[in-house]
Amino acid sequence: MSAIERLPEIDNGLLRFLTCGSVDDGKSTLIGRLLYDTKAILADTLQAITRTSERRGLEAVDLSLLTDGLQAEREQGITIDVAYRYFSTGQRKYIIADAPGHEEYTRNMVTAASTANLAIILIDARKGVLTQTRRHSYLAHLLGIPHIVVAINKMDLVDYAQATYERIRGDYLEFAATLGIGDVRFIPLSALNGDMIVDRGERLDWYQGPALLDILEDTPSAHSERDEAFRFPVQFICRPQQAGDPKLHDYRGFMGRVESGEIVAGDEVLILPSGTRTRVKAIEFYGRSLLRAIAEQSVTLLLEDEVDISRGDMIVRAEKLCPRAPAPGTVSTRTALVTRRIETMLCWLGETPLDAQRKYLIRQTTRETKAAIESIDYRLDINTLQRMPAESLGMNDIARVAFRLARPLCVDAYAGNRSTGAFIVIDEAANNTVGAGMIL
Amino acid sequence: MSTLALQQHATLSHLDWLESESIHILREVAGQCANPALLFSGGKDSLVLLRLAEKAFRPGRFPFPLLNIDTGHNYSEVIDFRDSRACQLNERLIVRSVEDSMRRGTVVLKSPGESRNKHQSVTLLEAIEEFGFDCCIGGARRDEEKARAKERIFSFRDEFGQWDPKNQRPELWDLYNARVHRGENIRAFPISNWTELDVWQYIERERLELPAIYFAHRRAVTRRNGLLQPVTELTPARAGDVVEELSVRFRTVGDITCTAPVESAADTVARIIEETAATTITERGESRLDDQTSEASMEQRKKEGYF
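From a predicted model like this one, the values you see are computed outputs, not experimental measurements.

## Some details on the sheet that holds strand β6 (residues 185–188) of chain B
Residues and elements named next belong to chain B.
Right, on to step 1. The strand order across the open sheet formed by six strands is β3-β2-β1-β4-β6-β5, and the pairing between neighbours is mixed. The open sheet has two edge strands with one neighbour each: β3 (93–97) and β5 (154–157). Here the average twist between neighbouring strands, direction ignored, is 30°.
Right, on to step 2. The sheet contact formed by strand β2 (residues 66–70) and β3 spans five bridges and is parallel. Bridging across to β3, Leu 66 finds its partner in Leu 93.
Right, on to step 3. Helix-sheet contacts for helix α2 (residues 14–32) involve β1 (36–39), β4 (135–137) and β6, and the interaxial angle to β4 is about 160°.
Right, on to step 4. Lying on the sheet, helix α6 (residues 120–131) is in contact with β1, β2, β3, β4 and β6; it crosses β2 at an angle near 145°.

See below:
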C-alpha cells in the first residue's frame, strides 16, 4: 500500500500548542522526541545531530540539539524568540510554539501562548513545582489556553516512582485551584528515553492514562467545544465595478474571517458600531455560494440592504448579541458591546517603558483607535502573584490597566472570546508593537 | 473514544485552516498597506500564493501587482509559465531583471558564470524604490530552514532592505502590524505555517498546474558534492565530469546555476506527495534511538527521495 493511500479520509484539522519550560526541564529533548518519533525530522538534520552527539562523546543521539539554535542565541545574549515547528501524524497537523522559559522572556511566552489551544507545562520530577511552573501556569491561564497538560519529565531519574509523580500532582492541583485553572491533565514521562511520548515504553506501567501524543490527537480543536456568538470583523471591501461585467456593477462584498460562532445565509445581522440591522443575502467563497460559514473560515458576506460599512466594522448576529454589563464610564451606544473604555490585563513588550502620559494606538480585530491610559491599577508580580502599585511598566511587566479610547471598539471579554477580546498596543512614533492586552 | 465525538461544532480540515489563515493574511496586507506587491516567480510556492490571492479577492482584481525579479538564469519553462499564468489571471505583472541592474552598474558580478541568486535583492530593492512598494508578499515558509523558524509573518525591513532579528515586532494572536515609515518595508509571508507536504497536498487538491520541471523527466546531469548538477549552457560539464542521463525532478526552481534536481520517478503530484510524505507517515512504531536503526531509517528515507 502506498503512503498516499494511507492518508485517512477524516482530517482532524490542526492543533497549535505551546511548550513551557527551560532547557533544564528537558523541553528541547521533548520537542526533539516528538519530531523524531513522528518522523518529522529529515535525514540530513538527523545525520548532523548524530555527528554532533558522537563528537561530544554521547552514547545516544541528543535530541535537544534539534532546537540548538535557541541555545546558541542564549550564549550570545541575543534576544530569544519564539520558534515555530511543525509535525503531522497523518491525522492531524501540529504547530509547536517553542518559547524559552526564563523570567525575562515573559513576552516570548505570551506571544507563543496567544495562538495556542494547549500548553504543555514541563516539570522536572526531581525538582517538583517551582516558581517558574507557577509563572508558566499563570501565563497560560491569563492567555486563555483552554487545555493544560502538566508533563512530569525525567521520571527515569527518580526510578519511575509513582509516589514522586503523585506528590507533584498533588502540589500542582493545590496551586492550580488558587488560579482557577480547571482543565489540567497530568502525565509522567521520560523525554530522554521516549517513555509515554509517542510510545508508552515499559517502565511506567502503573500509569493508566494516555501517552502524550494520544492526548494531543484527542484534544478538541479550537471553537469546537461550546456555542459561540458570531463575530465577523470586516477586513476588506470588494467592489469590482471595473471588471467590465454588468452583473458585478452593484457587487459589494464584505470580506473577512469568522472569528467565532457561525452564520447561515438569511440570518439577521447587526453592523457595529453603527447598530444598523440587515440580513445576510449570501455567503460567498471563490465563486461558490455557501449555506453557512463556521469559525476560522475566510469568506465574503453579501448583505440585503445597502449599508455603510468600512474596514474595522464588525458584523454580529442580531439575536445572539449578549450585552455586557456596562463598565463605569462606558459611553452609552446602541449596545454595551461597543465601548470607548476598556479594562484590561496588559503585558508590556516594548524596550522603552510605558509612558502613562502618552497616547498609544490600539489595534483590536481589524480596527484601530488612539488610546490614553486612564489608570494603572496594579502591576502583578508573576512569581508571587502579588499586586504592586505602579506608575509605569517595563518590558515583561503585566498590569491591570484601563484605557480611554478615541473611537469606539466592538469588544467581548477575552475570557469568552480570544479574538474580539485581544488587542495590541502600537507606539506610533516608532511604529513598533509595544504591548499586548486582554479585555476584562 | 473517537476525537470527533468530543467536538460539538464542526471545525476546518488542516488544509482549509491553512488556506483560511493565508487568505486572512493577504486581506490584512490589502487592508493595512497602501501599495503592496506580490513576488511571483512561477515556482510552486508562488503559484499557491496566486490561488490564495484568487480566493481572497475574487470577483475583484488583486489589490496588488505581481512582481518578478528575473535573474536571466531561469529555466525557460518557468518563465513561459510565469507569463501565461499572469495572463490567464488578467493581473498586472511587473518584471525587473538583474541584467538591467548589471547594465546600470548596481550589480557587479565577480565572475560571469556566478550565481545571480543573491544579486536579486539589489534588483528587488530598486523595484521597491521605483514603485514605492510598502510591502512585498512572498512565499517563504518557516519549515524551510532553522533560521526561518523564528521569522514573523509580517517581517520588518529597514530602508536598506535589511532584516534585523533584534528589531522585529512581537506578533500576537493574528493582530499584524504593517505600519512603516517612508522607505521602510514589510515582507509578508502568508504561507509561513505551511510545510512542503502541505504545499503539495494543496496543489493536488486545487489541481494547480505547475511548470513541467517539477515532475520527473530525463535530464543530463553530473554529480558534484553529493548533489546533482544539470548540464546546461550555463553549467556545462567540466573536464572529468561523468555525464549521466537520469530521471530527476526539481523540488525548488530558481537560478539554474544553484538549483539541484533530485533523482525521482515521481511524474504526478500524487507521486510527489507520496515521496514527500513517506518519512512522516510510515513506520510510526519505529522509535529506538540506537545508532544502528537510526542509520537504517536514514537509508530508508534516502531511498524514498530525501537528501
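After that view, the rundown keeps rolling.
## Remarks on the pairing of strand β15 (residues 314–317) of chain A
Residues and elements named next belong to chain A.
Right, on to step 1. Here strand β7 (residues 231–238) runs beside β15; their pairing, made up of three bridges, is antiparallel. Each bridged residue has a counterpart across the sheet, and for Pro 233 the counterpart in β15 is Met 314.
Right, on to step 2. When strand β10 (residues 268–272) meets β15, the two strands line up antiparallel, connected through four bridges. Looking across to β15, one finds that Leu 270 is bridged to Val 316.

## Considerations on helix α5 (residues 106–114) of chain A
Residue and element names in this part refer to chain A.
Right, on to step 1. Of all nine residues making up α5, nine are buried, and the element is well covered by its neighbours.
Right, on to step 2. Here α5 has its buried residues at Thr 106, Arg 107, Asn 108, Met 109, Val 110, Thr 111, Ala 112, Ala 113 and Ser 114.
Right, on to step 3. Contact partners of the buried residues in α5: β1 (14–20), β3 (93–98), β4 (118–124), α6 (131–142), β16 (338–348) and β22 (432–439).

## Quick notes on the environment of B:Gly72
Residue and element names in this part refer to chain B.
Right, on to step 1. Positionally, Gly 72 belongs in the loop between β2 and α4 (76–89).
Right, on to step 2. The class for Gly 72 is partly exposed, based on 14 C-beta atoms found within 10 Å.
Right, on to step 3. For Gly 72, the residues in contact, after removing those within four places along its chain, are Ser 97, Val 98, Glu 99 and Arg 116.

## Quick look at the confidence of the model for chain A
All names here are of chain A.
Right, on to step 1. Mean pLDDT over chain A stands at 86; residues scoring 70 or higher make up 85%.
Right, on to step 2. pLDDT under 50 marks residues 1–10. Its contacts with residues more than four places away, or in other chains, come to 17 contacts.
Right, on to step 3. Low pLDDT (under 50) marks residues 325–336, which in the prediction has 17 contacts with non-local residues, meaning those over four places away or in another chain.

## A word on the nonpolar core
Right, on to step 1. A:Phe17, A:Leu18, A:Ala113, A:Ala119, A:Ile121, A:Ala151 and B:Leu38 are the most contacted members of the largest nonpolar core, which totals 185 residues.
Right, on to step 2. Element by element, the count of residues in this core is highest for helix α3 (residues 44–57) of chain B, at eight residues.
Right, on to step 3. Among residues more than four places away in sequence, those in contact with A:Ala113 are A:Leu18, A:Ala119, A:Leu139, A:Ala140, A:Leu143 and A:Ile145.

## Description of the sheet that holds strand β7 (residues 217–224) of chain B
All names here are of chain B.
Right, on to step 1. One open sheet holds the four strands; their spatial order is β8-β7-β9-β10, and the pairing between them is antiparallel. Edge positions in the sheet fall to β8 (227–230) and β10 (262–263), since each has one partner strand and no second.
Right, on to step 2. Where β7 meets β8, four bridges bridge the pair, whose relative direction is antiparallel. Across the sheet, residue Arg 223 finds its bridge partner in β8, namely Leu 228.

## Comments concerning unusual backbone geometry
Most peptide bonds adopt trans geometry, and most residues besides glycine take a negative phi value.
Right, on to step 1. A:Leu272 connects to A:Pro273 through a cis peptide bond whose omega is 10°.
Right, on to step 2. Within the fold, A:Pro273 resides in the loop between β10 and β11 (276–285).
Right, on to step 3. For the bond from B:Arg58 to B:Pro59, the omega torsion is 10°, close enough to zero to count as cis.
Right, on to step 4. Among the structural elements, B:Pro59 can be located in the loop between α3 and β2.
Right, on to step 5. Even without being a glycine, A:His223 presents a positive backbone phi close to 75°.
Right, on to step 6. Along the chain, the position of A:His223 falls in the loop between α8 (212–218) and β7.
Right, on to step 7. Even without being glycine, A:Asn396 reaches a positive phi, approximately 80°.
Right, on to step 8. Inspection of the secondary structure assignment puts A:Asn396 in the loop between β19 (386–388) and β20 (398–410).

What counts and what doesn't
- Residues numbered from 1 in each chain as written.
- Chains lettered and ligands numbered in written order.
- Predicted model: local features only at pLDDT ≥ 70, side-chain atom pairs only at ≥ 80, totals over all residues.
- Pairing = 2+ DSSP bridges.
- Helix = DSSP H or I, 4+ residues; strand = E, 2+ residues; numbered from the N terminus.
- Axes fitted to C-alpha atoms, helices over the stretch in contact; angles between N-to-C directions.
- Contact = placed C-beta atoms within 7 Å.
- Buried ≥ 20, exposed ≤ 12 C-beta atoms within 10 Å, placed from the backbone.
- pLDDT = per-residue confidence, 0-100.
- Core = buried A, V, L, I, M, F, W, Y, C linked by C-beta atoms within 7 Å.

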